[in-house]
Amino acid sequence: MTTGSDLLARAPGEILPGRGERVLCAVSGGLDSMCLLHMLNAWCRERGGQLAAAHFNHRLREGTADRDEAFVREVCESWGIPLAVGRGDVRAYAAQEGQTVEEAARSLRYAFLRRAAEEEGCRRIYTAHHADDSAETVLLNLIRGTGLKGLMGIPQAQEGVFRPLLNVTRAELAAYAAAHGIPHVEDETNADPEAAARNLLRLRVMPLLKEINPRAAEHINGAAGRLRAVGRTLEEEVSARMSRAEAREGRVSFPSDDLIRAPEAVQPLLLLRLFDLLGAGRKDVGAVHVDAVLKMARRPSQGGERRLSLPRGVTARCRRGMLILEARPPALTEVPLTPGCPLRWGDYTLTLLNRPGKSGGIALGWRGSSEEPAVTVGPAVPGERLKLPGARGGRSVKRLCLDRRIPPEERERLPAIRVGGELAAVWRLGVDTEFLPEGKPVRFAIMIKHREADGI
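Here the residue index of a chain counts from 1 through its sequence in written order. Only residues with pLDDT of at least 70 get local features here, since the model is predicted, and only at 80 or more are side-chain atom pairs given and counted; chain-wide, interface and lining totals rely on the full set of residues. By convention in this description, side-chain values take in all heavy atoms of the structure and omit both hydrogens and water.

A.B. asks: Please give an account of unusual backbone geometry that cites residues and values.
C.D. replies: Here the phi dihedral of glutamate 159 falls at roughly 50 degrees; this positive angle occurs in a residue that is not glycine. Numbering of helices and strands runs from the N terminus; a helix is a DSSP stretch of H or I covering at least four residues, while a strand is a stretch of E covering at least two. Among the secondary structure elements, glutamate 159 is positioned in the loop between β5 (157-158) and β6 (161-162). Classification of residues uses two cut-offs on accessible area relative to the type maximum, computed with a 1.4 Å probe and protein chains only: under 20% is buried, over 50% is exposed, and between them is partly exposed. Judged by its relative accessible area of 66%, glutamate 159 is exposed. Despite not being glycine, arginine 428 has its phi angle at roughly 80 degrees, a positive value. One can find arginine 428 in the loop between β20 (422-426) and β21 (430-431). According to the relative accessible area criterion, arginine 428 is partly exposed, its value standing at 42%.

A.B. asks: Pulling in residues and values, what's your account of the pattern of salt bridges?
C.D. replies: A carboxyl oxygen of Asp or Glu within 4 Å of a side-chain nitrogen of Lys or Arg is what we treat as a salt bridge. In the structure shown here, the tally under the stated rule is 27 salt bridges. A salt bridge links glutamate 188 to arginine 61; the nearest nitrogen and oxygen atoms lie 3.3 Å apart. In this pair, glutamate 188 sits in the loop between α7 (170-180) and α8 (197-212) while arginine 61 sits in the loop between β2 (50-57) and α3 (64-79), placing the two residues 127 residues apart along the sequence. Taking relative accessible area as the criterion, glutamate 188 reaches 41% and is therefore assigned partly exposed. Between glutamate 237 and arginine 241 there is a salt bridge whose closest N-O contact spans 2.9 Å. Remark: arginine 241 and glutamate 237 occur in helix α9 (residues 216-241); sequence separation between them is 4 residues, near one turn of the helix. The exposure class of glutamate 237 is partly exposed, given its relative accessible area of 30%. The class for arginine 241 is partly exposed, based on a relative accessible area of 26%.

A.B. asks: Give a detailed account of the packing of aromatic side chains, specifying residues and quantitative values.
C.D. replies: Only centres within 6.5 Å qualify two rings of Phe, Tyr or Trp (six-membered ring in Trp) as a pair; their planes then separate them into stacked at under 30 degrees, edge-to-face at over 60, and tilted for everything else. Applying the stated criterion across every chain yields a total of 2 aromatic pairs. Seen from their ring centres, phenylalanine 56 and phenylalanine 112 are 5.6 Å apart, and the 40 degrees between their planes marks the pair as tilted. Linking phenylalanine 56 in strand β2 with phenylalanine 112 in helix α5 (residues 101-120), this pair joins segments that are 56 residues apart in sequence. A single burial state applies to phenylalanine 56 and to phenylalanine 112, both of which are buried. A ring has a charge above it when a Lys NZ or an Arg CZ is no more than 6 Å from the ring centre and no more than 35 degrees off the ring normal. Against the face of tryptophan 43 rests arginine 47, its NZ or CZ located 3.4 Å from the ring centre. For arginine 124, the ring lying beneath its charged end belongs to phenylalanine 162, and the centroid distance is 4.3 Å.

A.B. asks: Pulling in residues and values, what's your account of helix α11 (residues 267-278)?
C.D. replies: Between the first and last residue of a helix there are one fewer steps than residues, each counted as 1.5 Å, and that sum is the expected span. Its 12 residues give α11 an end-to-end C-alpha distance of 17 Å, which sits within 8% of 16 Å, the value for a rise of 1.5 Å per residue. Where burial is concerned, most of α11 is hidden: 9 out of the 12 residues are buried. By the burial criterion, the buried members of α11 are Gln267, Leu269, Leu270, Leu271, Leu272, Arg273, Leu274, Phe275 and Leu278. At the exit of α11 stands glycine 279, carrying a positive phi of roughly 95 degrees.

A.B. asks: How would you explain the pairing of β2 if you had to name every residue and give the values?
C.D. replies: Burial of β2 is extensive: 7 of the 8 residues sit out of reach of the surface. If DSSP finds at least two bridges between two strands, the strands pair. Sheet topology note: the strand β1 (residues 22-26)/β2 ladder contains 5 bridges and is parallel. Within the sheet, the bridge partner assigned to valine 23 lies in β2 and is leucine 51. Orient the strands so they point away from the viewer, and a crossover whose first-strand-to-second-strand path over the helix runs clockwise is right-handed. Where the polypeptide runs from β1 across helix α2 (residues 31-46) and back to β2, its parallel neighbour, the crossover connection is right-handed. Note that β2 and strand β3 (residues 83-87) share 5 bridges and pair parallel. When the sheet's bridge partners are listed, alanine 54 is paired in β3 with alanine 84.

A.B. asks: So, the packing of α11 against helix α12 (residues 287-298): which residues are in play, and what are the values?
C.D. replies: Running from N to C, α11 and α12 cross one another at 105 degrees; their axes reach a closest spacing of 10 Å. Taken together, α11 and α12 sit at an angle that is classed as roughly perpendicular. For the pair α11 and α12, contact is made by Gln267, Pro268, Leu271 and Leu272 and by Val290, Val293, Leu294 and Arg298, respectively. For this scheme, ten residues count as nonpolar: Ala, Val, Leu, Ile, Met, Phe, Trp, Tyr, Cys and Pro. Four count as charged, namely Asp, Glu, Lys and Arg, and the remainder, Gly too, count as polar. Residue composition of the contact of α11 with α12, by class: 6 nonpolar, 1 polar and 1 charged. Only C-alpha atoms enter the line fits that serve as axes; for helices the fit covers just the stretch in contact. Angles between N-to-C directions range over 0 to 180 degrees. Roughly parallel means an angle under 35 degrees; roughly antiparallel means over 145; roughly perpendicular covers 65 to 115; every other angle is labelled oblique. It only takes one pair of heavy atoms within 4.5 Å for two residues to be counted as in contact.

A.B. asks: Report on the environment of glutamate 218, specifying residues and quantitative values.
C.D. replies: Its place among the elements puts glutamate 218 in helix α9. Residue class for glutamate 218 comes out partly exposed when judged on its relative accessible area of 43%. Distance from glutamate 218 to aspartate 132, taken between C-alpha atoms, is 8.1 Å for residues 86 residues apart in sequence.

A.B. asks: I'd like a description of α8, backed by residues and values.
C.D. replies: If you check α8, its first and last C-alpha atoms are 21 Å apart, about what 16 residues at 1.5 Å a residue would give, namely 22 Å. For a residue, the bend is simply the angle between two axes, fitted respectively to the seven-residue segment ending there and the seven-residue segment starting there. Its axis deflected by about 35 degrees at valine 205, α8 carries its strongest bend there, up to four residues before the proline proline 207. Taken together, the buried positions of α8 are occupied by Asn199, Leu201, Arg202 and Met206. On its buried face, α8 is in contact with α6 (131-144), α7 and α9.

This is how it looks when you write it as structure tokens:
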């Protein structure tokens, strides 16, 4: 009879729990996770370790979701395994975050597992993904369109999550469950090929592939393993080239020549690493976006600037031999200025003083009562008006910016100073005549410092 240790031992030694270690096992109640729970329980007991379990109720299946939770509670109690249970409204979270139900379920589940591991004192989380799961992932990624990473299958270890059954097939787990009398529950949606793309692949496509070769899953995973080795080599090449990247808040730059002279297989990986450095992440950045940026970088410069709009508010532009990735800055809001406390607002640092300041600021006078009014900084509203010295009347912020050739995207991020709720000044445009210090004591001075020019 095949033992759990026999199946677990197919994983690299560093994937398995060490002697005396306390670990957490994610348990849905299905056959795969119940087998893993049974195997890890024996493995840890033999080595003086401890095992805890965690179950997340997604509340997606009326009635049976609560049945699964009750089942896991009962088994863990009978096996003497401590259990943490979490629940979440997956559909509400998906709507809130703009995710698919599957993405939202994964986000909530892994967030819960990490909290549970921390509370239980576990440094490792174990999940029951197996060889068939990994092969299906490779095929799904291939069908949907993917780069090298998508063809590498499911990683055995990633950010504290370990998957020791990736060299074990679903059929072997079913045989193990039958031989050891391991109870489990069935998710009724798993039998519906229309419920999800993965179901269709598992129920209809994989059986056809196994008719061609019964070891189809094994061979797909073998190819994925070889690609992982290639991927590691390419990532080392990327890391060696990343020293040429320059990063600052909301912006990453890289020499265009260094990008296009890199080996062809390295170029897209290097570009994705630049996205990581920007902080925008790779989600929603597909092959079409990567190809477009690389094509732009290869095009000879005619002295002007070329740019592309990319997902997640990122803009890519080529100028003066540099590829520049910039993230759209967050929306700015109106906030109060506190005397003597520097405030970072967008691209500026503002300090409100109750005395005249040096150059590089705005001096304001106030005709009102002796009580100091609130002073705030916020975005300039295009329709608001300023009456500047020498002008016959007030003009809109939008018109003043047009006169000074300040583009809309820059106009939206100019600090507008309000005193007692009234627009007193806009940086680069001037101070309204009602708030000029001439003939009045200088009641406020606002020192404004723009971040250093980047030279590009």
